[in-house]
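Structural characterization, general
Okay, here's what each chain looks like letter by letter:
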There are 2 protein chains.
Amino acid sequence: MTVHMKDMANAIRFLSMDAILKANDGHPGTPLGGADIATALYAKHLKFDPQNPDWPDRDRFVLSAGHGSMLIYSLLHLSGYEHFDLEQIKNFRVLGSNTPGHPEYEGDNGIETTTGPLGQGIANAVGMAIAEQSLNARFGDDIVDHYTYAYTGDGCLMEGIASEVIALAGYLKLGKLVFLWDDNRMTDDGSTDQAVIEDNVARFDGAGWHTQRVDGHDADAVAAAIAAAKQDDRPSMIACRTFIGFGIPRIQNDRAAHGGKLFPEDSVAARENLNWPHEPFVIPEKIRQDWAAAGLNGAKERQAWLDRCSKMPADKRAEFDRLMNWHLPKDWNATLKAFKKENAEDPTAKPGIAASGDVLSLLADAIPEIMSGAPDLEAATKHKRQLTPFTKDDRSGRYIHYGVREHAMGAIMNGMTVHRGVMSVGTTFLVFSDYMRHTLRMAALMGIPGLFVFSHDSIGIGKNGPTHQPVESLASLRAYPNMWVFRPADPVEMAECWELGIQHQDGPTTIICSRQPLPPVRTVHTDENLCARGAYILADAEGGPRQGTIFATGYEVSIAMDARKILQEKGIPTAVVSMPSWELFEQQDEDYRDTIIGRDTARVAVEAAVRLGWDRYIGEKGKFIGMSSFGASGDMEDVFKHFGITPEAVAEAVQSQLG
Amino acid sequence: MTVHMKDMANAIRFLSMDAILKANDGHPGTPLGGADIATALYAKHLKFDPQNPDWPDRDRFVLSAGHGSMLIYSLLHLSGYEHFDLEQIKNFRVLGSNTPGHPEYEGDNGIETTTGPLGQGIANAVGMAIAEQSLNARFGDDIVDHYTYAYTGDGCLMEGIASEVIALAGYLKLGKLVFLWDDNRMTDDGSTDQAVIEDNVARFDGAGWHTQRVDGHDADAVAAAIAAAKQDDRPSMIACRTFIGFGIPRIQNDRAAHGGKLFPEDSVAARENLNWPHEPFVIPEKIRQDWAAAGLNGAKERQAWLDRCSKMPADKRAEFDRLMNWHLPKDWNATLKAFKKENAEDPTAKPGIAASGDVLSLLADAIPEIMSGAPDLEAATKHKRQLTPFTKDDRSGRYIHYGVREHAMGAIMNGMTVHRGVMSVGTTFLVFSDYMRHTLRMAALMGIPGLFVFSHDSIGIGKNGPTHQPVESLASLRAYPNMWVFRPADPVEMAECWELGIQHQDGPTTIICSRQPLPPVRTVHTDENLCARGAYILADAEGGPRQGTIFATGYEVSIAMDARKILQEKGIPTAVVSMPSWELFEQQDEDYRDTIIGRDTARVAVEAAVRLGWDRYIGEKGKFIGMSSFGASGDMEDVFKHFGITPEAVAEAVQSQLG
């Protein structure tokens, strides 16, 4: 291996070791074992500019094995990212530092996505590669033309999500995607021989990938393999044979290297072993210069890109800038007003998911960056509409056939989002949100947008039965910080919730849709977005001061309205509060919340889901009409009756409180 | 194909078609396309006895493609299961019938597991095959020696969980496991060419499986392939090439067959096409007899098995019966009392997960059917202990190295459970419960036991940061019906919660453990299991009537105790309520609940997680000290302070209510 690359790699090793020792915590295995691979990539291939980390056409690098965070912090530090100066390296894992335990998304500072939970990073990378191709189709090679690299360990590849995205990336022939597999054959439990029989290279071959095997401690060989990978029009996987914890005799090629404790003696022994006589955190000037030079490689390329950008037609340039800045197109929501009006006047009950598809269809015309997908549920969810498929032959398509791969979809969506330039919409049944659950967490944790549409939202699906009837999902989604969960009551609310979700940029949005028709409840048109406050009085008490308050979401708002009718007829003035989003309601001021809640009234919440969380709104004397068990297969009307979710039961729950 | 098998298969087709038409709902594609495969299996191979469906040594059959439920209902009806008489077939998908939309677990009636969510069934089957091998090692071929068959479509194979379990089954060389792949190359979205490039046969080959390809409409060929599969010592996959919706000209080999609507004309055309002149729900006597004969095949084998059982030594026989009846061994919890006493007297703070491992270790000695596993977290979770690995060469092992495959673990655990004879314990980090989330749902939905230990339960893990710090997980688990969620405060509570969890047989149990040491709070020994009531007064108010009540779980109980100390010193009599299980608390009578809650006191809950659900206990005036965002990487003490979860904050929250 070229001498200077060896030194550069050792700089990563010792910075990482020193930081981990100082923090007295961290995972040494990956930064030590993968230092040569990373050096080959950063010094010879990666297109990046530490002075302008947010350069849109930079190559993307994802450290999917996020526990090896010191690998990327060392890389960013050495190559010149100010955000990761030596002070930050010394404060590894200290509260408030830029160097947390696992890499946390800072797209403007070289951390392209949050990683740690295994398999997520490589899947995000597939999403980035899709976004690149989509933008490339819109703006051409001059403006968008970059590679996406993901560094993966054995753990990422064992997770089910890996198989999903490997299959999809091969199918879509994402030729500018390169996986660098740190093939050290060792996980926290020990040798991979304990749990793996498959040959990963054959596995990628079978999925249509270009594959190579190299010595992962020979940076020149790795660099040559990357060059070959870039030439091939298939996605590439390079199996880099390495030894975990390379350099520390006690732990090299041992499971203890994964995340085990380091001792000062290890540092002494490694310094001896790798001939590194330098003090902790000291990098010899020559090596610093080599790294600095690597960090400067991209500046010229960026300048050339800027020159090309300056030659773009003004409208195209404006459009590109708009996308990179997350701005919405002018008048993007203009058609929604007409949609609301039309639906306010239309007495037809429509399935929630169909209404959502209608709105998506309008918005897809207005917002060209929208890309949609619904894992093998195109027919049931109606979210393809006018969009054509994104395929290996047509990158201008805006609908992704994910196959039956929900987990892949979620992570790919997150990857598309952090890449920028694409607004991704993903749809599946609410009950299958479980399959992609950790991707929802990652979106919420990163505080990034993403529109997740979940349909078939309750026992309202009827005959398909309890396997497909969520009862716990709403509560489990409402538990996320940063996420907005909407459950619209009819097509008008659907449009309003979509309008809010599209604008929600510091966290993901879920839109929960019924399969069964939603009787219209918003029958008087208003331009105002009533859902914006999270909850509002849909129908006020009449004939006297409010005695009863019924809270509901989604389809059950129509049940609440029927219950109100019963109560009003009995002379009990009752209000119905539609509550499409708890999160937005919680953001309102106390006065507004008190007005809506009506603390001195008889309060009842009705939702075809578990009670968890509703006590906050109904208080200790209030009642809840909903589910306390899983559902049942049968005709929808029978099922609602069976579980006692009826207007009569709701009315009775109000009355019983009034004595 | 043998004529009578063809007729038998057509009986399945028309029963299914007639039932789906009558229900006006259901998925025709699978029962029509897979009828020949199913006939080959049930008529020629499957060891079962419809008169004794719960015969422990029966072969297991799992319809992983659960949407094709009419396939299994037809099979069970035709082969003689009383539970599925003609009336039930005619009531397909009617509320209260035995024939719900998707097959629902009734181990005593031929439905070995609930299926529908794709990928779960094949993974359950792997668990059943593991349980069979484990019991075979204990009781020998005479008593336990059966095959496990799973019927899978393309959808199941695309899900990530499929790759996880295929890899693991190949690795473990589960030779008595046979997958029948309904290779119809069609999913709901259309041709699998839209999303799949991989050759599934090569994929199984690579994972160490025995594979074959046959014409799935030639029942003789399928039967021969099954015979060959049984001979091979590797798990087997038989790719059965079929046409979805076989027999109905309009939909055969079309995506509309998957779950699309059937019309009376389809039934007419199919009757013409397959020469089936019989009225709806009418099966000609000859064909009924052939099916009845198939259903009698196993009776003789069962009798021979009973004869062998009768020759078992009495103690072995008693042990086998004990296992099949879910009974616990005598004195299984005897060692827990000593453990509680010892820990009540030991002032050392111990990590929750280590205490859980200690308890597991005691119970593993007392309960020989316990099998443990922790996907690649053996070192971090300490739940292997004295157990040796279950491997391809040693089936007596009781620890499964799952690899980095949480989703597989969950579904395999469910499969082991429904097989009976094994008590399965699975451990991972709480944040990764997401990866196996749907398997928790399936366990809760089926109402089956299962011990899920989730560690590293909060910001208390400190430096690894927010990717590994759950804040939403507790709430999302508490949302499940049937599940008991325990969060023990110290080793004494740990023993009590395990004791309760082991006895919980109509739903799964999760035990939430800290990584950080838990200061002992139960320092006075009592034989009584105080956790059994879900919540109890750990430290009562002193010096006057109770003015403050602090609710807490897990580690935060120690914070509550410190807060109480502050308040008591200020002369505010304050009680601390430890609340390890909301579910058990909700089962108590109202008087007890009122006593614990102290509705007229200043109430505060402290939990290092989101608030969702706590309002039920603290009321509208109470306060919550916990998380409203994701966590942060840093020293644990710094992180708790940063988020304001301190004894001082809790004490202040009580005081502020008292004015």
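Residues numbered from 1 in each chain as written. Chains lettered and ligands numbered in written order. Predicted model: local features only at pLDDT ≥ 70, side-chain atom pairs only at ≥ 80, totals over all residues. Heavy atoms only, no water.

Quick word on helix α10 (residues 219-231) of chain A
Residues and elements named next belong to chain A.
- Taking 1.5 Å of rise per residue, 13 residues should cover 18 Å, and α10 covers 19 Å from first to last C-alpha, within 8% of that figure.
- Of all the positions in α10, only A219, V222, A223, A225, I226 and A229 are classed as buried. All buried residues of α10 fall inside an arc of 160° around its axis, so they share one side. (Helix = DSSP H or I, 4+ residues; strand = E, 2+ residues; numbered from the N terminus. Expected span 1.5 Å × (residues − 1). Buried < 20%, exposed > 50% of the residue type's maximum accessible area, 1.4 Å probe, protein only. Arc of directions from axis to C-beta.)

Brief notes about the packing of aromatic side chains
Residue and element names in this part refer to chain A.
- The full count for this structure, using the stated rule, is 46 aromatic pairs over all chains.
- Aromatic side chains Y42 and F61 sit 5.5 Å apart centroid to centroid with 85° between the ring planes, which places their arrangement in the edge-to-face category. Residue Y42 is found in helix α3 (residues 35-44), and its partner F61 is found in strand β1 (residues 60-63); the two are separated by 19 residues along the sequence. As far as the burial class goes, Y42 and F61 line up, both buried. (Phe/Tyr/Trp six-rings, centres within 6.5 Å; stacked < 30°, edge-to-face > 60°.)

Some details on the environment of K300 of chain A
Residue and element names in this part refer to chain A.
- When you line up the elements, K300 lands in helix α13 (residues 285-310).
- Here K300 falls in the exposed class, since its relative accessible area comes to 70%.
- Sequence-wise, K300 and R322 are 22 residues apart; in three dimensions their C-alpha atoms are separated by 24 Å.

A short note on the pairing of strand β14 (residues 509-512) of chain B
Residue and element names in this part refer to chain B.
- Residues T509 and I511 of β14 are buried on one face, and the alternating residues T510 and I512, pointing to the opposite face, are buried as well.
- Looking at chain direction, strand β12 (residues 451-455) and β14 are connected through four bridges and run parallel. Of the residues in β14, the one forming a bridge with V453 is I511.
- Strand direction decides the pairing type here: strand β13 (residues 484-486) and β14, joined by three bridges, are parallel. Opposite V485, over in β14, you have T510 as the bridge partner.
- Regarding the hand of the β-α-β motif, the stretch spanning β13, helix α21 (residues 491-503) and β14 is right-handed. (Pairing = 2+ DSSP bridges. Right-handed = clockwise from strand over helix to strand, strands pointing away.)

Here we look at the nonpolar core
- If you look at the biggest cluster of nonpolar residues, it comprises 296 residues, and the most contacted ones within it are W498 of chain A together with W498 of chain B.
- For W498 of chain A, the contacting residues outside a window of four places in its chain are S356, V359, L360, L363, H383, V425, L451, V453 and I511 of chain A. (Core = buried A, V, L, I, M, F, W, Y, C linked by side-chain atoms within 4.5 Å. Contact = heavy atoms within 4.5 Å.)

A closer look at the domain arrangement of chain A
Residues and elements named next belong to chain A.
- Here chain A is described as being made up of domain 1 (3-303), domain 2 (334-518) and domain 3 (531-658).
- With centres defined by C-alpha atoms, the gap from domain 2 to domain 3 works out at 25 Å.
- Across the domain 2/domain 3 interface, buried area totals approximately 2,500 Å², and carbon plus sulfur atoms make up 62% of it.
- For the interface between domain 2 and domain 3, the tally reads three salt bridges.
- In this structure, E556 engages R487 in a salt bridge whose closest nitrogen and oxygen atoms are separated by 2.6 Å.
- Scanning the region where domain 2 abuts domain 3 turns up 13 residue pairs in polar contact (both at pLDDT 80 or more).
- Going through the elements one at a time, α20 (473-478), β13 (484-486), α21 (491-503) and β15 (517-518) are the ones with two or more residues in the side of domain 2 that touches domain 3.
- Considering each element in turn, the side of domain 2 that touches domain 3 owes the most residues, four residues, to α21. (Domains from an automatic or database assignment. Buried area = accessible area lost by both parts, 1.4 Å probe. Salt bridge = Lys/Arg side-chain N within 4 Å of Asp/Glu carboxyl O. Polar contact = N/O pair within 3.5 Å; in protein donor to acceptor, adjacent residues only side chain to side chain.)

Side note on the confidence of the model for chain A
- On average, chain A scores 97 in pLDDT, and the residues at 70 or more come to 100%.
- Taken over the whole predicted complex, pTM reads 0.97, whereas the ipTM for its chain interfaces reads 0.97. (pLDDT = per-residue confidence, 0-100.)

Focus on the sheet that holds β1 of chain A
Residue and element names in this part refer to chain A.
- Judged by pairing direction, the sheet is parallel, and its five strands sit side by side in the order β1-β2-β3-β7-β6 without closing on themselves. Looking at the sheet topology across the chains shown, the edges are occupied by β1 and β6 (210-215). Put simply, the sheet's adjacent strands are angled 15° from each other on average, direction ignored.
- One ladder, built from six bridges, connects strand β3 (residues 177-183) with strand β7 (residues 236-241); its direction is parallel. The partner of D182 across the bridge, within β7, is C240.
- Taken strand by strand, α3 contacts β1, β2 (148-152), β3 and β7, and its axis lies near 155° from that of β3. (Axes fitted to C-alpha atoms, helices over the stretch in contact; angles between N-to-C directions.)

With respect to the UniProt feature "binding site: thiamine diphosphate" (unreviewed entry) in chain A
- With numbering aligned to this structure, UniProt lists the feature "binding site: thiamine diphosphate" (unreviewed entry) at H67, G116, P117, L118, G155, N184, H258 and F432 of chain A. Sequence-wise these annotated residues cover 366 residues; spatially they are dispersed, their C-alpha atoms as much as 34.3 Å apart.
- Summarising the element assignment, P117 of chain A is placed in the loop between α5 (86-90) and α6 (120-139).
- Of the residues examined, P117 of chain A reaches a relative accessible area of 0% and is grouped as buried.
- Not counting residues within four places of it along the chain, the set of residues in contact with P117 of chain A comprises H438 and M442 of chain A together with F432, Y435, T467 and H468 of chain B. (UniProt positions renumbered as here; feature names shortened; annotations may be inferred.)

Some words on the pattern of salt bridges
- If you walk through the whole model with that rule in mind, you get 83 salt bridges over all chains.
- Here E620 of chain A ties to R599 of chain B by a salt bridge, and the two come within 2.4 Å at their closest N and O atoms. Here R599 of chain B lies in the loop between α24 (590-597) and β19 (602-607) and E620 of chain A lies in the loop between α25 (615-618) and β20 (623-625), a pairing that spans two chains.
- Among the residues examined, E620 of chain A registers a relative accessible area of 36% and is labelled partly exposed.
- The class for R599 of chain B is partly exposed, based on a relative accessible area of 37%.

A closer look at the UniProt feature "binding site: substrate" (unreviewed entry) in chain A
Residues and elements named next belong to chain A.
- As annotated by UniProt and renumbered to match this structure, "binding site: substrate" (unreviewed entry) occupies H27, H258, H456, H468 and R515. Separation in sequence by 489 residues is matched in space for these annotated residues, since their most distant C-alpha atoms are 46.9 Å apart.
- Note on placement: H258 falls in helix α11 (residues 256-259).
- Take H258: its relative accessible area is 16%, and that puts it in the buried class.

Comments concerning the pairing of β19 of chain B
All names here are of chain B.
- Across the six residues of β19, six count as buried, placing the element largely inside the fold.
- Neither face of β19 is exposed, since A602, V604 and V606 on one face and R603, A605 and E607 on the opposite face are all buried.
- Bridge count between strand β17 (residues 548-552) and β19: five bridges; the pairing is parallel. Note on β19: the bridge partner recorded for A552 is V606.

Some points on the state of the cysteines
Residue and element names in this part refer to chain A.
- Evaluation of the coordinates by the stated rule reveals zero disulfides over all chains.
- Sulfur of C240: no disulfide; nearest cysteine sulfur belongs to C156 and is 14 Å away.
- On the accessibility criterion, C240 (0% relative accessible area) is buried.
- Summary of cysteine pairing: C513 is not part of a disulfide, and the nearest cysteine sulfur, belonging to C497, is at 9.1 Å.
- Residue classification places C513 among the buried residues on the basis of a relative accessible area of 1%. (Disulfide = S-S within 2.5 Å.)

Quick word on the sheet that holds strand β16 (residues 536-539) of chain A
All names here are of chain A.
- The five strands lie next to each other as β16-β18-β17-β19-β20, forming an open sheet whose pairing is mixed. Across the chains shown, the open sheet's two edge strands, defined by having one partner strand only, are β16 and β20. Averaged over neighbouring strand pairs, the angle between their axes works out to 30° when direction is ignored.
- Taken together, the five bridges between strand β17 (residues 548-552) and strand β18 (residues 574-578) define a ladder with parallel strand orientation.

What to know about the relation of the copies chain B and chain A
- Superposing chain B onto chain A takes a rotation of 180° plus a shift of 0.0 Å along the axis, which leaves an RMSD of 0.0 Å. The transformation just described matches what one would write down for a two-fold rotation axis.
- Interface residue correspondence from chain B to chain A reaches 100%, placing this contact among same-surface, isologous pairings. (Least-squares fit on C-alpha atoms with pLDDT ≥ 70 in both.)

Concerning the interface of chain B and chain A
- Each partner contributes residues to the interface: chain B has 99 residues there, and chain A has 99 residues.
- At the boundary of chain B with chain A, total buried surface from both sides reaches about 8,200 Å², with 54% on carbon and sulfur atoms.
- Linking chain B with chain A are 12 salt bridges, by the criterion used here.
- Of the charged contacts in the structure, one is a salt bridge between R441 of chain A and E472 of chain B, with a shortest N-O distance of 2.7 Å.
- Secondary structure elements with two or more residues in the side of chain B that touches chain A: α7 (154-158), α8 (160-172), α17 (378-381), α18 (406-419), α19 (437-446), α20 (473-478), α25 (615-618) and α26 (636-642) of chain B.
- Top element by residues in the side of chain B that touches chain A is α8 of chain B. It accounts for six residues.
- Split by residue class, the side of chain B that touches chain A holds 36 nonpolar, 33 polar and 30 charged. (Nonpolar A, V, L, I, M, F, W, Y, C, P; charged D, E, K, R; others polar.)

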